[in-house]
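Each chain, written out:
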Amino acid sequence: MAGIELEGIRKSFGPTAVLKGVSLAIADGEFLSLVGPSGCGKSTLLRIIAGLEVQDAGRIRIGSRAVEGIAASARNLAMVFQSYALYPHLTVAENIAVPLRMRRLSGLQRLPLVGGLLPGSRRERAAIDAAVRSAAEILDIGHLLQRKPAQLSGGQRQRVAVGRALVREPEAFLLDEPLSNLDAKLRVHMRSEIAGLHRRLATTFVYVTHDQAEAMTMSDRIAVMLDGELLQVATPHEVYHRPADRRVAEFIGSPK
Ligand code: ADP
Ligand code: MG
């Protein structure tokens, strides 16, 4: 597990400045929500942390490591997206195992779970099975391992997507609106599931949402973003009762 430090992150797409110098220190094990209206730059920032996009300026440290030039696959972060594309032809177990098999195939990293085991060997397969089973137990989908995605509910599919992230034993989780495709009731349920997962794993979570109510209930701290800038980074209580300015108050819905 690792804290994440951002310093002066800037990013433009063509003439449009999307991130205008974002600095933020996320503590080891913290649950930080990044909130702000659609289009303010949340996903871009998360993708830059993940290494899926490269910043124009600024520095990132994960743990004590500067990650510039380090490929996404070697950053040991788990990313869960809004559209959690599962492979329809694979079972739940196979979907969860994908990152383990990919890491071995890419040869980029020795996998801690099956490190030292001969690729394709019976012992390696057993280690992957055990890792998949353990992730599935944590997420309460152990009974669904042989199903195909089409046979699952939205919430179950979302858990499979989280399981796929979990199995990598990431140093931190980056979640980009993972609940926005679910219906309202399930969303509320999954909120507490994710909060519970964070407590059990004690890993750093960066959680992007445009739903301030979601952020208020789950987070240690909230970072409020508008137009590519952070307006305030504080506890939910502080953001609500002592908003930095009128724009924060309006977005959060603080009492006037
Ligand atoms: P959010 O996640 O807060 O909704 P995004 O980070 O997705 O915002 O997008 C911020 C702005 O950057 C938007 O105006 C979006 O259109 C633009 N943008 C994002 N990705 C790209 C890209 N690859 N090329 C061009 N513009 C982009
Ligand atoms: Mg987004």
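Structure first, text after, so check above.
In this text, all values refer to a predicted model and were calculated from it rather than measured experimentally.

The rules behind these values
Residues numbered from 1 in each chain as written. Chains lettered and ligands numbered in written order. Predicted model: local features only at pLDDT ≥ 70, side-chain atom pairs only at ≥ 80, totals over all residues. Helix = DSSP H or I, 4+ residues; strand = E, 2+ residues; numbered from the N terminus. Rg over C-alpha atoms; globule rule 2.2 N^0.38 Å. Buried ≥ 20, exposed ≤ 12 C-beta atoms within 10 Å, placed from the backbone. Contact = placed C-beta atoms within 7 Å. Near = placed C-beta within 6 Å. Nonpolar A, V, L, I, M, F, W, Y, C, P; charged D, E, K, R; others polar. Pairing = 2+ DSSP bridges. Axes fitted to C-alpha atoms, helices over the stretch in contact; angles between N-to-C directions. Expected span 1.5 Å × (residues − 1). Arc of directions from axis to C-beta.

Draft legend 1. Quick peek at the overall build of the protein chain. The helix and strand inventory of the protein chain stands at 8 helices and 10 strands. Relative to a compact globule of 256 residues, whose C-alpha radius of gyration would be 18 Å, the protein chain shows 19 Å and is just as compact. When its C-alpha atoms are laid out on the principal axes, the protein chain stretches across 60 × 40 × 30 Å. Per-residue burial over the protein chain gives 37% buried out of 256 residues. Considering only contacts within the protein chain whose residues lie at least 6 apart along the sequence, 67% involve residues at least 24 apart.

Draft legend 2. How the structure looks around the site of ligand 1. Residues in close proximity to ligand 1 include Phe13, Val18, Gly36, Ser38, Gly39, Cys40, Gly41, Lys42, Ser43 and Thr44, which together make up its full environment. In terms of residue class, the shell around ligand 1 is built from 3 nonpolar, 6 polar and 1 charged.

Draft legend 3. Just the sheet that holds strand β2 (residues 16-26), in detail. With antiparallel pairing, the 4 strands of this open sheet are ordered in space as β2-β1-β4-β5. In this open sheet, the two edge strands, each paired with only one partner strand, are β2 and β5 (65-66). When strand β4 (residues 57-62) meets β5, the two strands line up antiparallel, connected through 2 bridges. Paired with isoleucine 62 across the bridge in β5 is arginine 65. Sheet strands in contact with helix α1 (residues 42-50) are β1 (4-13), β2 and β4, and its direction is about 120 degrees off that of β1.

Draft legend 4. View of the sheet that holds strand β8 (residues 204-209). Ordered by their spatial adjacency, 6 strands build an open sheet running β6-β7-β8-β3-β9-β10, and the pairing between neighbours is mixed. Of all strands in the sheet, those bounded by a partner on one side alone are β6 (77-80) and β10 (229-234). Taken pair by pair, the neighbouring strands of this sheet meet at an average axis angle of 15 degrees, ignoring direction. Contacts from helix α4 (residues 154-166) reach β6 and β7 (172-176) within the one sheet, and its direction differs from that of β6 by about 165 degrees.

Draft legend 5. Broad picture of helix α3 (residues 122-138). Given a rise of 1.5 Å per residue, 17 residues ought to cover 24 Å, and the 24 Å separating the end C-alpha atoms of α3 matches this to within 8%. Among all positions in α3, only Glu124, Ile128, Ala131, Val132, Ala135 and Ala136 are buried. Buried residues of α3 fall within an arc of 130 degrees about the axis and therefore sit on the same side. With respect to the buried face of α3, the exposed residues turned more than 90 degrees away are Arg122, Arg123, Ala126, Ala130 and Glu137. Of the residues flanking the end of α3, it is aspartate 140, one or two places downstream, whose phi is positive at about 65 degrees.

Purely geometric numbers; function is a separate question.
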